[in-house]
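Descriptive structure summary
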Amino acid sequence: HVPGAKMLVFEKLNPADSPEATVESVVTDMVDQGAKLIITSSDEFEEDTAAVAANFPDVTFINASGDDAFVGGGPANLGNVMGQMEWTKAIAGCAAGLTTQTGSIGYLGPLINAETRRLASSAFLGAKYCYAKRGLDPAALKFTVTWIGFWFNIPGVTLDPTEEVNHFFDGGADVVMSGIDTPEAIVVTAQRAAEGQAVWAVPYDSAKACEIGPEVCLGVAYFNW
């Protein structure tokens, strides 16, 4: 809406797809084209964004996720923006804690970093709190986190999320929460339920995820940017 404004987009800066592209190379190219504001859209870019921002002090950088501006670890031209997903993850964990009949919840985590640890911890705290509200011993609640290594399955690089969801259920969990960007948790849960198992899921990051298995979905935590 700014007269004369132009938006430059690098569609998918993912090392699995574009190993030759880096935050530094993409930013340098954009600055050469006249960019004055650069938004990096993943926590994966936090460290590199801080380093590159220091090299271009006259350009404003915003990193979606990250906390450099909050804790004072980044240059003055770097800011952060992020939805407060911790609250929704706690509510999702509460739903899991209120539902589980076996006292065992599985959490499918992506890669490990500050953001994903906060979200998994929030889910656990919510589950523990609401499990206790049922009059049950929160110390007895089993909450198992498996980190697959990335936000989605990369064959040969990450753990297979479908296999990990099955491992949760085979190990006694009856609720699986997802922290990854793809719907394996709800897909497997719906398949298991169709076979007569009493299992439930809390998917993540897609407003329509519950449509995959509405009968087993406890709700979905997603960003509404």
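Just so you know, these numbers come straight off a predicted model, no measurement behind them. (Residues numbered from 1 in each chain as written. Predicted model: local features only at pLDDT ≥ 70, side-chain atom pairs only at ≥ 80, totals over all residues. Heavy atoms only, no water.)

1. Observations concerning the overall build of the protein chain
Along its length, the protein chain carries seven helices and seven strands. Seen in sequence order, the protein chain has helices and strands lined up from the N terminus as α-β-α-β-α-β-α-β-α-β-α-β-α-β. Its C-alpha atoms give the protein chain principal-axis dimensions of roughly 60 × 35 × 35 Å. Residue burial in the protein chain is summarised as follows: out of 225 residues, 45% are buried. (Helix = DSSP H or I, 4+ residues; strand = E, 2+ residues; numbered from the N terminus. Buried < 20%, exposed > 50% of the residue type's maximum accessible area, 1.4 Å probe, protein only.)

2. Focus: the pattern of salt bridges
Under the counting rule described, the total for this entry stands at two salt bridges. In this structure, the salt-bridge partner of R118 is E86, at a minimum N-O distance of 2.9 Å. Placement of R118 in helix α5 (residues 114-133) and of E86 in helix α4 (residues 85-99) is noted, with a sequence separation of 32 residues between them. The partner of R192 in a salt bridge is D170, and the shortest N-O contact between them spans 2.9 Å. Separated by 22 residues along the polypeptide, R192 in helix α7 (residues 184-194) and D170 in helix α6 (residues 161-170) bring together distant segments of the chain. Residue R192 is classed as buried on the basis of its relative accessible area of 12%. (Salt bridge = Lys/Arg side-chain N within 4 Å of Asp/Glu carboxyl O.)

3. As for the sheet that holds strand β2 (residues 60-64)
Read from one edge of the open sheet, three strands run β1-β2-β3, paired in parallel fashion. In this open sheet, the two strands that pair with only one neighbour each are β1 (37-40) and β3 (78-81). The sheet shows a mean angle of 20° between the axes of neighbouring strands, taken without regard to direction. Relative to β2, β1 runs parallel, the two sharing four bridges. Across the sheet, the residue bridging to L37 is T60, located in β2. Of the strands in this sheet, β1, β2 and β3 are in contact with helix α2 (residues 46-55), which crosses β2 at around 175°. (Pairing = 2+ DSSP bridges. Axes fitted to C-alpha atoms, helices over the stretch in contact; angles between N-to-C directions. Contact = heavy atoms within 4.5 Å.)

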